[in-house]
Amino acid sequence: MKKNLKLFCLNSNRQAKQILTALKISIILLLMCSLQLSAQQARVTGVVTDASNGDPLPGVTIQVLGTMTGTISQANGTYDVTIPAGSNTLVFSFVGYQTQEVNIGGRTVIDIAMVEEITALEEIVVTGYSVERKKDIIGSVSVVNTEDMQSMASVNALNQMQGRVSGVTITSDGSMDGGSKMRVRGFGSFAGSDPLYIIDGVPGDIDRLNPNDIQSVQILKDAASSSIYGARAANGVVIITTRQGQVGSNRVSVDYYYGINWGDKRLAPEMCSVEELGELLWLQMEGAGREVGDANWYHPIYGSGPTPVIPEYIMVNDHGAKYNGAYLTNLKNTDP
């Protein structure tokens, strides 16, 4: 009995030592993993300000380049982002400011000053009889990118603008030479909803304008921007400036387009022949109560006889002798 109790105690001590050893190994592994994770990830903080006045910028997007990791600056311009292993570049972006890429280089604090994007704001826009900078305009004005517009092969300028201007509806019938319609303020008038087109300062027709001659297009949408044109601007104004001659070497460009229209004859109505059309017209006059010899029993092509007469538009020349349709019909009947 004592021997069995001694063996049991020895076994219990061994199991306790094994459990203790396993716990020690687990703790060491956890410490090693935590150290490895802390070595792989870094934390970067900083403040985002406006380069022109030094004010903090809230809402700036800070993203780790090439990853989905990022954050947004707080109301006081501060930010805090965790950098994954292998990443070394932060991208700062904000509406109206230039996007900047900053190399981390082992730093934990990076302060950045955002510079305003002045290119779009300094764009010159034609409004009425003057030109203004886009940032100075308080009305609703859209500027069409002519380079993107002319990248589409079309002989109609409105077709090229389709889908490139917000708040403007442009529709077409889909044909190669079909016209298009622009609606700036919707369909609000039975008298016509077409906007006023001003081409080089003069009201004109955009359908007759070569799209390749267009240099700039501005669309005045609201009443404040188009009021200078009076009642004609009730449906909006489209101001177009065409290209002018420039000093320098001559340059010639050639563009050509082609297309094919095809219609299924089975879907088209069957047409009357010349003779069948004449008979139809004579039946119409009889149905209207007219009689041969009346003043209104007459057709400019088929005559005024009791039966329609097909005009002799074709004469056959046989060595100087000319034969008309009656002779050819007789020849057809006698010698088919």
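Since we're looking at a predicted model, the values are computed, not measured.

Asker: Can you tell me about the overall build of the protein chain, naming the residues and giving the values?
Answerer: Of the regular secondary structure elements, the protein chain holds 6 helices and 18 strands. When each of the 336 residues of the protein chain is scored for burial, the buried share is 25%. Working note: accessible area of the protein chain is about 23,700 Å², and carbon and sulfur atoms make up 56% of it.

Asker: How would you summarise the sheet that holds strand 4 (residues 78-83) if you had to cite specific residues and measurements?
Answerer: The 3 strands are arranged 4-1-7 in an open sheet whose pairing can be described as mixed. Pairing within the sheet leaves two strands with one partner each, and these edge strands are strand 4 and strand 7 (112-114). Put simply, the sheet's adjacent strands are angled 35° from each other on average, direction ignored. Two elements, strand 1 (residues 42-50) and strand 4, share 6 bridges in a ladder whose sense is antiparallel. Bridging from a neighbouring strand, Ala42 pairs with Ile83 of strand 4.

Asker: Go over the pattern of salt bridges with me, naming the residues and quoting the values.
Answerer: Taken as a whole and assessed by the stated rule, the structure comprises 3 salt bridges. A salt bridge links Arg43 to Asp80, with the nearest nitrogen and oxygen atoms 2.4 Å apart. Here Asp80 lies in strand 4 and Arg43 lies in strand 1, a separation of 37 residues in the sequence. Overall, the relative accessible area of 55% leaves Arg43 in the exposed class. A relative accessible area of 32% places Asp80 in the partly exposed class. With its nearest N and O atoms 3.9 Å apart, the salt bridge here joins Asp205 to Arg208.

Asker: Which residues make up the sheet that holds strand 13 (residues 196-199), and what values do they have?
Answerer: Within the open sheet, the 5 strands sit side by side as 10-15-16-13-14. Their pairing is mixed. With partners counted over all chains shown, the strands left at the sheet margins are strand 10 (141-144) and strand 14 (202-203), one partner each. Where strand 13 meets strand 14, 2 bridges bridge the pair, whose relative direction is antiparallel. Residue pairing across strands places Ile198 opposite Pro203, the latter belonging to strand 14.

Asker: Go over unusual backbone geometry with me, naming the residues and quoting the values.
Answerer: Even without glycine at this site, Asp200 takes up a positive phi of about 55°. In this structure, Asp200 sits in the loop between strand 13 and strand 14. For Asp200, a relative accessible area of 40% translates into the label partly exposed.

Asker: So what's going on with the confidence of the model for the protein chain? Which residues, and what values?
Answerer: Mean pLDDT for the protein chain: 77, with 74% of residues reaching 70 or above. A low-confidence stretch, residues 1-10 stays under pLDDT 50, and its non-local contacts, those more than four residues away or across chains, total 0 contacts.

Asker: Give me the packing of aromatic side chains: which residues, what numbers.
Answerer: Across all of its chains, the model carries 4 aromatic pairs by this definition. With a centroid separation of 5.7 Å and 80° between ring planes, the pair formed by Tyr79 and Phe92 is classed as edge-to-face. Taken together, the residues Tyr79 in strand 4 and Phe92 in strand 5 (residues 89-93) connect sequence positions 13 residues apart. Considering the side-chain rings of Trp282 and Tyr302, the 6.4 Å spacing of their centres and the 75° angle between planes classify their relative orientation as edge-to-face. One end of the pair, Trp282, is in helix 5 (residues 274-287); the other, Tyr302, is in the loop between helix 5 and strand 17 (316-318), with 20 residues separating them in the sequence.

The rules we used
Residues numbered from 1 in each chain as written. Predicted model: local features only at pLDDT ≥ 70, side-chain atom pairs only at ≥ 80, totals over all residues. Heavy atoms only, no water. Helix = DSSP H or I, 4+ residues; strand = E, 2+ residues; numbered from the N terminus. Buried < 20%, exposed > 50% of the residue type's maximum accessible area, 1.4 Å probe, protein only. Areas by Shrake-Rupley, 256 points an atom, 1.4 Å probe, with all protein chains shown as cover. Pairing = 2+ DSSP bridges. Axes fitted to C-alpha atoms, helices over the stretch in contact; angles between N-to-C directions. Salt bridge = Lys/Arg side-chain N within 4 Å of Asp/Glu carboxyl O. pLDDT = per-residue confidence, 0-100. Contact = heavy atoms within 4.5 Å. Phe/Tyr/Trp six-rings, centres within 6.5 Å; stacked < 30°, edge-to-face > 60°.

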